[in-house]
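Fold and contact review
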Amino acid sequence: MNIAVIGGTGRIGSQVVKKLNAAGHQAVPHSLSTGVDVITGQGLAEAVAGADVVVNLTNSPTFDDASPAFFQTSMDNLLAAGHKGGVGHVVILSVVGADQVPDLVYYRAKVLQEDILKAGPVSYSIVRATQFMEFIDAVMSWTTEGDTVRLPTTPLQPIAAQDISDTVAEVAAGPPLNGTLNIAGPDVFPLDELGRITLNAHPDGRTVVTDDTAGMFAAVHGDALTPKGDVRIAPTHYSDWLS
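Residues numbered from 1 in each chain as written. Predicted model: local features only at pLDDT ≥ 70, side-chain atom pairs only at ≥ 80, totals over all residues. Heavy atoms only, no water.

**Some details on the pairing of strand S4 (residues 89–95)**
Of all the 7 residues making up S4, 7 are buried; the element is thus mostly covered by neighbouring parts of the structure. Bridge count for strand S3 (residues 53–56) against S4 is 4 bridges, and the pairing is parallel. Pairing of Val 53 across the sheet is with His 89, part of S4. At this point the chain moves from S3, through helix H3 (residues 67–84), to the parallel S4, and the crossover so formed is right-handed. Note: S4 against strand S5 (residues 124–129), 6 bridges, orientation parallel. Opposite Val 91, over in S5, you have Ser 125 as the bridge partner. (Buried < 20%, exposed > 50% of the residue type's maximum accessible area, 1.4 Å probe, protein only. Helix = DSSP H or I, 4+ residues; strand = E, 2+ residues; numbered from the N terminus. Pairing = 2+ DSSP bridges. Right-handed = clockwise from strand over helix to strand, strands pointing away.)

**A look at the sheet that holds strand S6 (residues 144–145)**
The strand order across the open sheet built from 3 strands is S6-S7-S11, with neighbouring strands paired in mixed fashion. Looking at which strands have only one partner, the edges of the open sheet turn out to be S6 and strand S11 (207–210). Pairing analysis gives 4 bridges linking strand S7 (residues 148–151) to S11, with the strands arranged parallel. Bridge assignment links Thr 148 to a residue of S11, and that residue is Thr 207. In the packing of helix H7 (residues 191–201) onto the sheet, contacts are made with S7 and S11, and the angle to S11 comes to roughly 170°. (Contact = heavy atoms within 4.5 Å. Axes fitted to C-alpha atoms, helices over the stretch in contact; angles between N-to-C directions.)

**Section: H7**
The complete set of buried residues in H7 reads Leu 191, Asp 192, Leu 194, Gly 195, Thr 198 and Leu 199. Down the axis of H7, the sector holding all buried residues measures 155°, keeping them to one side. Buried residues belonging to H7 abut helix H5 (136–142), S7, strand S8 (155–156), strand S10 (189–190), S11 and helix H8 (238–242). (Arc of directions from axis to C-beta.)

**A word on the pairing of strand S2 (residues 26–30)**
Bridge count for strand S1 (residues 2–6) against S2 is 5 bridges, and the pairing is parallel. Note on S2: the bridge partner recorded for Asn 2 is Gln 26.

**So, the nonpolar core**
Formed by 50 residues in total, the largest nonpolar core has its most connected members in Ile 6, Val 54, Val 90, Tyr 107, Leu 117 and Phe 217. With residues near it in sequence (within four places) discarded, Ile 6 still touches His 30, Val 38, Leu 44, Ala 47, Val 54, Val 55, Asn 56, Leu 57, Thr 58 and Leu 78. Core analysis: the next-biggest nonpolar cluster, separate from the first, contains 25 residues, Val 5, Val 91, Ile 164 and Ala 234 among them. (Core = buried A, V, L, I, M, F, W, Y, C linked by side-chain atoms within 4.5 Å.)

**Things to note about the sheet that holds S5**
Strand order in the open sheet formed by 7 strands is S2-S1-S3-S4-S5-S9-S12, with parallel pairing between adjacent strands. Every other strand in the sheet has two partners, leaving S2 and strand S12 (232–233) as the edge strands with one partner each.

**Looking at the environment of Ser 14**
Position of Ser 14 among the secondary structure elements: in helix H1 (residues 11–22). Taking the C-alpha atoms as reference points, Ser 14 and Ser 165, 151 residues apart in sequence, are found 8.8 Å from one another. Every residue in contact with Ser 14, bar those within four places of it in the chain, is listed here: Gly 8 and Thr 9. One polar contact links the side chain of Ser 14 to the main-chain carbonyl oxygen of Gly 10, over a distance of 2.6 Å. (Polar contact = N/O pair within 3.5 Å; in protein donor to acceptor, adjacent residues only side chain to side chain.)

**Structural notes on unusual backbone geometry**
For Asn 178, which is not glycine, the phi dihedral falls at a positive 45°. With respect to the element layout, Asn 178 can be found in the loop between helix H6 (161–173) and strand S9 (180–184). The class for Asn 178 is partly exposed, based on a relative accessible area of 45%.

**Remarks on the packing of aromatic side chains**
Counting across every chain of the model gives 8 aromatic pairs. Considering the side-chain rings of Phe 63 and Tyr 106, the 4.6 Å spacing of their centres and the 45° angle between planes classify their relative orientation as tilted. Placement of Phe 63 in the loop between S3 and H3 and of Tyr 106 in helix H4 (residues 105–118) is noted, with a sequence separation of 43 residues between them. Accessibility expressed as a relative area gives 8% for Tyr 106, which makes it buried. Ring plane angle 85° and centroid distance 6.1 Å describe the contact between Phe 63 and Trp 142, whose orientation is recorded as edge-to-face. Residue Phe 63 is located in the loop between S3 and H3, and its partner Trp 142 is located in helix H5; the two are separated by 79 residues in the primary sequence. Phe 63 gets classed as partly exposed once you look at its relative accessible area, which sits at 38%. Overall, Trp 142 belongs to the partly exposed group, its relative accessible area being 44%. An aromatic cluster of at least three residues, connected via ring pairs, comprises Phe 63, Phe 70, Phe 71, Tyr 106, Tyr 107 and Trp 142. (Phe/Tyr/Trp six-rings, centres within 6.5 Å; stacked < 30°, edge-to-face > 60°.)

Shown next, in the form of structure tokens:
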């Protein structure tokens, strides 16, 4: 199949392109660096022309109040171009439990993205993933003060980007789900414990202190970000990923 991967030069997108091409498909990466802008629409019609499937892995550049407008505009532009170009399947990557965290504007924005896709004119698939293992360092940096990292006990079930890419590529090459597939890593950790495990493996002089008011994940109630019901469990454990 011909597959256009929008956001195809990023962490997930570049791996998805590689996997699809290795499987015999013709996957082409598109991004700002290749002249495709999902906000202005520049280059979008050309990018999706002749594509059987469009995978949209673009993301809001910020987690703040600007994120809903990003997803509204980008999805409107993408679906209009895809429908006009005869695309039969659109795939997006979202977040497990996004609809359970209304206090975080970025998660509300991801739900908006899903809703726009569901209501659109093209068959679709939504892959919802838990938090990336690759993002744990960034999460820790948000609440680092000197040698102290303050983290809440929010339960997370981190997943490796490689496992996410495998699933997105598989879904893109298959028939539209017209629904959602949840994927997660194999282990659940309180976020403060994740921080300690990370620093034990790669010590840098910092110490984790439990603080349920610290950082973005303090707004998450209970186990909202761990999957319920049907979920595909990925193979990579955090300890193996760290090593």
